[in-house]
Amino acid sequence: MQLDEPLAVENANEKDETGILFRLLVNDNQKRLYRFILKNIGNSADAEDLMQQTFLEAARAYATFRGESALSTWLYGIAMNLTRNYLSRSVQRKYKFEDEESLANLASETPDPSEALAQRQAVNLLQAELADLPGEMREVLLLVALDEVSYEEASVMLSIPLGTVRSRVSRARSRLRRRMEDAGIELDFQTA
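Conventions adopted
Numbers given to residues run from 1 along each chain, matching the order in which its sequence is written. Note on the predicted model: pLDDT of at least 70 is required for a residue's local features to be given, and 80 or more for side-chain atom pairs to be given and counted; whole-chain, interface and lining totals, by contrast, use all residues. Based on all heavy atoms of the structure, the side-chain values leave hydrogens and waters out of the count. We place a 1 Å grid over just the protein atoms. Points where a 1.4 Å probe fits but has no way out form a cavity, open points with protein on both sides within 12 Å along at least 5 of 7 lines form a pocket, and any residue with an atom within 4 Å of a point lines it. Grid points are joined across faces, edges and corners, and a volume is the space filled by probe spheres set on the points. In this text, helices come from DSSP runs of H or I with a minimum length of four residues, and strands from runs of E with a minimum of two, each type numbered from the N-terminal end. Under the convention adopted here, Pro, Cys and the residues Ala, Val, Leu, Ile, Met, Phe, Trp and Tyr are nonpolar, Asp, Glu, Lys and Arg are charged, and Gly plus all remaining residues are polar. A pair of Phe, Tyr and Trp rings is counted when the ring centres sit within 6.5 Å of each other, with Trp represented by its six-membered ring. The angle between the planes then sorts it: under 30 degrees is stacked, over 60 is edge-to-face, the rest tilted. A simple rule labels every residue: compare its accessible area, found with a 1.4 Å probe on the protein chains alone, to the largest value its type can have, and call it buried under 20%, exposed over 50%, or partly exposed in between. A residue's pLDDT is simply how confident the predictor is in it, with values from 0 to 100. Any two residues whose heavy atoms approach within 4.5 Å at even a single point are treated as in contact. To obtain each axis, a line is fitted to C-alpha atoms, and for helices this fit is confined to the stretch in contact; angles are then taken between N-to-C directions over 0 to 180 degrees. If an angle is under 35 degrees, it is roughly parallel; if it is over 145, roughly antiparallel; if it lies from 65 to 115, roughly perpendicular; otherwise it is oblique. Two helices crossing with the near one rotated counterclockwise from the far one by less than a right angle form a left-handed crossing, whereas a clockwise rotation gives a right-handed crossing.

1. Quick word on the layout of surface pockets
Taken as a whole, the second largest pocket holds about 330 Å³ of empty space. Around the second largest pocket sit 17 residues that line it, and Arg66, Ser69, Trp74, Gly77 and Ile78 are the ones nearest its centre. When contributions to the lining of the second largest pocket are tallied by element, the ones reaching two or more residues are helix 2 (44–61), helix 3 (71–89) and helix 7 (151–158). Tallying contributions element by element places helix 3 first for the lining of the second largest pocket, with six residues. The residue makeup of the lining of the second largest pocket, split by class, is seven nonpolar, seven polar and three charged.

2. Digging into the packing of aromatic side chains
Applying the stated criterion across every chain yields a total of one aromatic pair. Between the aromatic rings of Phe36 and Tyr76, the centroid separation amounts to 5.2 Å while the plane-to-plane angle is 70 degrees, which identifies the pairing as edge-to-face. In this pair, Phe36 sits in helix 1 (residues 4–41) while Tyr76 sits in helix 3, placing the two residues 40 residues apart along the sequence. Here Phe36 matches Tyr76 in class, with each residue buried.

3. Things to note about the confidence of the model for the protein
Counting all residues, the mean pLDDT for the protein is 79, and 76% of those residues have values of 70 or more. A low-confidence stretch, residues 1–12 (pLDDT under 50), is modelled with zero contacts involving residues beyond four sequence positions or located in other chains.

4. Some points on the packing of helix 2 against helix 3
With their axes 9 Å apart at the nearest point, helix 2 and helix 3 run at an angle of 130 degrees to one another. On the basis of the axis angle, helix 2 is oblique to helix 3. The crossing of helix 2 and helix 3 is right-handed. Facing Asp46, Leu50, Gln53, Thr54, Phe55, Glu57, Ala58 and Ala61 of helix 2, the residues of helix 3 in contact are Trp74, Leu75, Ile78, Ala79, Leu82, Thr83 and Tyr86. By residue class, the composition of the contact of helix 2 with helix 3 is 10 nonpolar, three polar and two charged.

Rendered as structure tokens:
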């Protein structure tokens, strides 16, 4: 049995190194991944559960990681799939937007109530316009604009060509800008 000891030590060293790498992956991505999931599902307890499930799935599937993308991109792809599954299971979970009453208790930076009302109306209109976008356009726009995922990472996560990501983001921004301007609201982003 003495011949097996070096093999056991080598396997233990590999497991320790993998464990350290996995802990670094969790530490580096935990907060951002949680925010990413929370923005998509709107429920903090479920977002925490999905984040943990994402890391569990990543640990189980790590051996299948081919290195064709960044490890974080692969991790976000797992999170995206779990989030899609979560949302597809219950229609009432999709795109939960708060009404004006829930915003009424928030402190305003400006003392002018009419400006606060205008801001609430603009937010409600933007939420409605976002909800009205086709699903694939909304999904790409939220990834790139809100979650600050690069076009390249979004392309890998969604398994679509880079040009498709760029065109969907551009079309979504143009459509939002046009609709908001029709309502008399100027937006601060570039459409190109």
